[in-house]
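Here are the chains, one letter per residue:
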Amino acid sequence: MTSGNMIKDFARKRSINVCIVNTGGCNGCDIEVVSTLAPRYDIEQYGIYVHNNPREADVLVVTGPVVLPWKERLKEIFEKTPEPKVVVAVGACALSCGIFKEGHVYGPVDKIIPVNAKLPGCPPRPSEIIEAVVSIAPEALAMKEKMMKEMELKNKNNQDTDNNQDNQDTNK
Ligand code: SF4
């Protein structure tokens, strides 16, 4: 493992990374999600960091009713997100397609990917979004810690096997 990856691993063990995915809503929910970063709400004080990289995410915060281009894309993003992954559907559109119900939409989100927590509202307030993410954070952290311990153990076992093999080869 490179030192860059080690630092990343160290930081990831102690924080929750959230990736926002807008599947075609009006952006109202996204504005409220982004507001959680503002000093007034300061979601980072809980060790929660918001960005747009599913490969680094523990939690996907999904908004919108899933319009056609997002039907497959949402599945791809879910696949790209490393285990353990937690999905929070935010807003009426994500939960029930909301005002877009009669349009060409493919949601709600839980029809496309598994959802762990649902937050209603059009849009929900930033404080409610923080509450929803914080409420599932301990579960996500516990799952993450368990998986990382399993990975470390597996890597150690592989390393021991390699060392034993090297010793056997040297003694031949
Ligand atoms: S729930 Fe309301 S604010 Fe959020 S994307 Fe839908 S219409 Fe916009």
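Residues numbered from 1 in each chain as written. Predicted model: local features only at pLDDT ≥ 70, side-chain atom pairs only at ≥ 80, totals over all residues. Heavy atoms only, no water.

Engineer: What is the right way to look at the pairing of strand β4 (residues 86–90) in this model?
Structural biologist: Note on strand geometry: in a regular strand, side chains alternate between the two faces of the sheet. Of all five residues that make up β4, five are buried, and the element is covered over most of its length. Of the two faces of β4, the one lined by V86, V88 and V90 and the one lined by V87 and A89 are each fully buried. Judged from the four bridges that link them, strand β3 (residues 59–63) and β4 form a sheet pairing that is parallel. In the sheet register, L60 faces β4, and the bridge partner there is V87. A crossover links β3 with its parallel partner β4, the connecting element being helix α3 (residues 68–80), and its sense is right-handed. As judged from the three bridges shared by β4 and strand β5 (residues 117–119), these two strands associate in the parallel manner. (Buried < 20%, exposed > 50% of the residue type's maximum accessible area, 1.4 Å probe, protein only. Helix = DSSP H or I, 4+ residues; strand = E, 2+ residues; numbered from the N terminus. Pairing = 2+ DSSP bridges. Right-handed = clockwise from strand over helix to strand, strands pointing away.)

Engineer: Explain the site of the ligand to me, please; I cannot follow it from the model alone.
Structural biologist: Near the ligand you find G25, C26, G28, C29, A92, C93, I99, G121, C122 and P123, and these make up its full shell. Those elements that provide at least two residues to the shell around the ligand are α2 (28–35) and α4 (92–96). A per-class count over the shell around the ligand returns seven nonpolar, three polar and no charged. (Near = heavy atom within 4 Å. Nonpolar A, V, L, I, M, F, W, Y, C, P; charged D, E, K, R; others polar.)

Engineer: Sorry if this is basic, but what is going on with the sheet that holds β5 here?
Structural biologist: Paired through their backbone hydrogen bonds, the strands of a sheet run either parallel or antiparallel. The sheet built from five strands is open, its strands ordered β2-β1-β3-β4-β5 with parallel pairing. A strand with exactly one partner marks an edge of an open sheet, and here the two such strands are β2 (48–51) and β5. When strand polarity is set aside, the average angle formed by the axes of neighbouring strands in this sheet is 25°. Across the sheet, α3 is in contact with β1 (16–22), β3 and β4; its angle to β1 comes to roughly 170°. (Axes fitted to C-alpha atoms, helices over the stretch in contact; angles between N-to-C directions. Contact = heavy atoms within 4.5 Å.)

Engineer: What's the story with empty space enclosed by the protein in this structure? I'm lost.
Structural biologist: Any space left empty among the atoms is revealed by the rolling of a water-sized probe across them. The tally for this structure, following the rule as stated, stands at one cavity of 30 Å³ or more. Its volume calculated, the largest cavity comes out at about 30 Å³. Looking at the largest cavity, the residues that line it are V18, V33, T36, I43, V50, V61, I129 and V133. Here the residues of the lining of the largest cavity are counted per class, giving seven nonpolar, one polar and no charged. (1 Å grid on protein atoms, 1.4 Å probe; cavity = no way out; pocket = protein on both sides within 12 Å on 5 of 7 lines; lining within 4 Å. Points joined across faces, edges and corners; volume = space filled by probe spheres on them.)

Engineer: When you look at the nonpolar core in this model, what are you seeing that I'm missing?
Structural biologist: Nonpolar side chains in soluble globular proteins tend to end up buried together. I16, V18, V59, V61 and V88 are the most contacted members of the largest nonpolar core, which totals 21 residues. Secondary-structure elements contributing two or more residues to this core are β1, β2, β3, β4, β5 and α5 (126–171). A per-element tally of this core places α5 first, with seven residues. Contact partners of V88, with chain neighbours within four places excluded, come to V59, L60, V61, V62, A117, A132 and I136. Counting 15 residues, the second largest nonpolar core, distinct from the first, contains A57, I77, F78 and I112. (Core = buried A, V, L, I, M, F, W, Y, C linked by side-chain atoms within 4.5 Å.)

That is the geometry; function is a separate question.
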